[in-house]
Amino acid sequence: MRKVIGIGETVLDIIFKDGRPVSAVPGGSVYNGIISLGRAGVPAVFVSEVGNDRIGERTVGFLRENGVDASFVSTNKDSKSPISLAFLNDSNDAEYIFYKDHPNDRLDYAVPEINRDDIVMIGSYYAVNPVIRPQVAAILNAARDRGAIIYYDVNFRAAHADEVMKLTPNILENFEYADIVRGSREDFNVMYGMDTPDKVYNSQVSFYCKKFVYTDGAAAVELRGDGGLKKSYPVAAAETVSTIGAGDNFNAGLVYGLVKYGVTRDMIGGALPEPVWDDIIGCAMAFSANCCKSLGNSVDEAFGQAMKAGL
């Protein structure tokens, strides 16, 4: 079976509710989605780095416990693993404080085996960080040359708003590498001061990548694609415990859908039929909704078993 290769940061998420810590789980934007894919039975590999400490050991162990190949996660002996504090509000949305020194990132160079129709997932600051850009770009070049599908979640947060101009060349290069770009209203508001999917797609994305998914919390998911494809998918109302991993698991579900419905590199190069998109977006929304039901950053194990049975 084809595999998914995730490239991203790792972090220990310490979650607070009503001013008190209620959970601590390994996380990271792409990491959360890769854990869900492992639970759902999709062969997965994660490329990253951790500090030389108990948090790093737990982060790597958690990947392996969930069926993810962690052999390309390097240990930086001179650094500590990063931590984030996530404070849930009354709507169970999170505000973050991050403790991480990005200049210490280094990403020891190693490229997993990449085959045609494999899927490479990138996202967040890790995907544009100038310090490790040569290594990330090398993996993306290998993925493109070998016929893999590249999925890019922009995930650009306000904490890096003052770096937009400096990072724009890397962002645009990622758009060009990507076969599918996904971003949220918050991302594009921070980057471009734009808050409608059509403005973002027409002025920033479509020149580089034709397949675009725009999310906005509980508002409808917006799809834009080849041949003027334009569609909205309403999000069902649901009780949430935490929305921390909602977007990350949307990504995981979409990638799961690509695998489940047999979307190949040749297919992604053209216009996917609308019913195929309906199925794929349905998977994305199901993964996201399940993640929001707990304080974990990924889908629960029962949901993962059900998805594994559906492959």
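Small disclaimer: the values here were computed from a predicted structure and weren't measured.

1. Section: the overall build of the protein
Scanning the protein from N- to C-terminus turns up 10 helices and 13 strands. Whereas a compact globule of 311 residues would reach a radius of gyration of roughly 19 Å, the protein reaches 18 Å, a difference of no more than 12%. If you line up the protein on its principal axes, its C-alpha atoms span 50 × 45 × 40 Å. Long-range contacts, defined here as pairs at least 24 residues apart, represent 73% of the contacts in the protein between residues at least 6 apart. Accessible surface for the protein amounts to roughly 13,100 Å². Of this, 51% is attributable to carbon and sulfur atoms. The positive charge centre, built from 30 side chains, and the negative charge centre, built from 40, are 2 Å apart in the protein.

2. A word on the sheet that holds strand S11 (residues 212-215)
Ordered by their spatial adjacency, 9 strands build an open sheet running S5-S4-S1-S8-S9-S10-S11-S12-S13, and the pairing between neighbours is mixed. Lying at the two open borders of the sheet, with one neighbouring strand each, are strand S5 (68-76) and strand S13 (229-233). Taking the axes of each pair of neighbouring strands and ignoring which way they run, one obtains an average angle of 15° across the sheet. In the sheet, strand S1 (residues 4-7) pairs with strand S8 (residues 119-123) via 4 bridges, with the strands oriented parallel. Of the residues in S8, the one forming a bridge with Ile7 is Ile122. Contacts between helix H9 (residues 274-291) and the sheet are confined to strand S10 (180-184), S11, strand S12 (221-225) and S13, with S13 contributing the most and set at about 35° to the helix.

3. Considerations on the packing of aromatic side chains
Taken as a whole, this structure holds 13 aromatic pairs when the rule is applied. With a centroid separation of 5.2 Å and an interplanar angle of 40°, the aromatic rings of Tyr256 and Phe287 are classed as tilted. In this pair, Tyr256 sits in helix H7 (residues 246-260) while Phe287 sits in helix H9, placing the two residues 31 residues apart along the sequence. Under the relative-accessibility criterion, Tyr256 is labelled buried at 1%. Here Phe287 falls in the buried class, since its relative accessible area comes to 0%. Members of the aromatic cluster, joined through ring pairs, are Phe188, Tyr192, Tyr201, Phe212 and Tyr214. If you follow Lys260 out to its NZ or CZ, it ends over the ring of Tyr261, 5.6 Å from the centre.

4. Considering the side chain of Asp153
Here Asp153 is to be found in strand S9 (residues 149-153). Residue classification places Asp153 among the buried positions, given a relative accessible area of 2%.

5. Brief notes about the nonpolar core
If you look at the biggest cluster of nonpolar residues, it comprises 46 residues, and the most contacted ones within it are Ile34, Leu37, Leu63 and Leu254. When residues in this core are grouped by element, the largest group, 7 residues, is from H7.

6. Examining the sheet that holds strand S7 (residues 94-99)
Spatially, S3-S2-S6-S7 is the arrangement adopted by the 4 strands of the open sheet, whose pairing is mixed. Bordering the open sheet on either side are strand S3 (20-27) and S7, each of which pairs with just one other strand. Pairs of neighbouring strands in the sheet enclose a mean axial angle of 20°, with direction left out of account. Note: strand S2 (residues 11-17) against S3, 7 bridges, orientation antiparallel. The residue bridging Asp13 from the neighbouring strand is Val25, located in S3.

7. A closer look at the pairing of S7
Relative to S7, strand S6 (residues 83-88) runs antiparallel, the two sharing 6 bridges. When the bridges of S7 are listed, Phe87 appears paired with Glu95.

8. Observations regarding the packing of helix H1 (residues 29-39) against helix H2 (residues 54-65)
Packing of H1 against H2 leaves a shortest axis separation of 9 Å and a crossing angle of 30°. Relative to H2, the element H1 lies roughly parallel. Of H2, the residues touching H1 (which contributes Tyr31, Ile34, Ile35 and Arg39) are Thr59, Phe62 and Leu63.

The rules behind the values
- Numbering of residues starts from 1 in every chain and runs along the sequence as written.
- For a predicted model such as this one, the threshold for reporting local features is a pLDDT of at least 70, and the threshold for listing and counting side-chain atom pairs is 80 or more; totals across whole chains, interfaces and linings nevertheless cover every residue.
- As a convention, hydrogens and water are excluded, and side-chain values are obtained from all of the structure's heavy atoms.
- A run of DSSP states H or I qualifies as a helix once it reaches four residues; a run of E qualifies as a strand once it reaches two. Both are numbered from the N-terminal end.
- Atoms counted for the radius of gyration: C-alpha only. Globule rule: 2.2 Å times the number of residues to the power 0.38.
- We call two residues in contact whenever any of their non-hydrogen atoms come within 4.5 Å of each other.
- What sets the accessible areas is the Shrake-Rupley method with a 1.4 Å probe; for residues, cover comes only from the shown protein chains.
- Asp and Glu are treated as the negative residues and Lys and Arg as the positive ones, with His and the ends of the chain left uncounted.
- Charge positions come from single atoms, namely NZ of Lys, CZ of Arg, CG of Asp or CD of Glu.
- Strands pair, by our definition, only if DSSP identifies at least two bridges between them.
- With axes taken as lines fitted to C-alpha atoms, and helix axes fitted only over the stretch in contact, angles between N-to-C directions fall between 0 and 180 degrees.
- Working definition: a ring pair exists when centres of Phe, Tyr or Trp rings (six-membered ring for Trp) sit within 6.5 Å. Plane angles under 30 degrees give stacked, over 60 give edge-to-face, the rest tilted.
- Three labels apply to residues, based on accessible area from a 1.4 Å probe with only protein chains included: buried if under 20% of the type maximum, exposed if over 50%, partly exposed otherwise in between.
- For a lysine, the NZ atom is tested; for an arginine, the CZ atom; a charge sits over a ring if that atom is within 6 Å of the ring centre and within 35 degrees of the ring normal.
- Among buried residues, those of type Ala, Val, Leu, Ile, Met, Phe, Trp, Tyr and Cys that are joined through side-chain atoms within 4.5 Å constitute a nonpolar core.
- An angle counts as roughly parallel when it lies under 35 degrees, as roughly antiparallel when it exceeds 145, as roughly perpendicular when it falls between 65 and 115, and as oblique in every other case.

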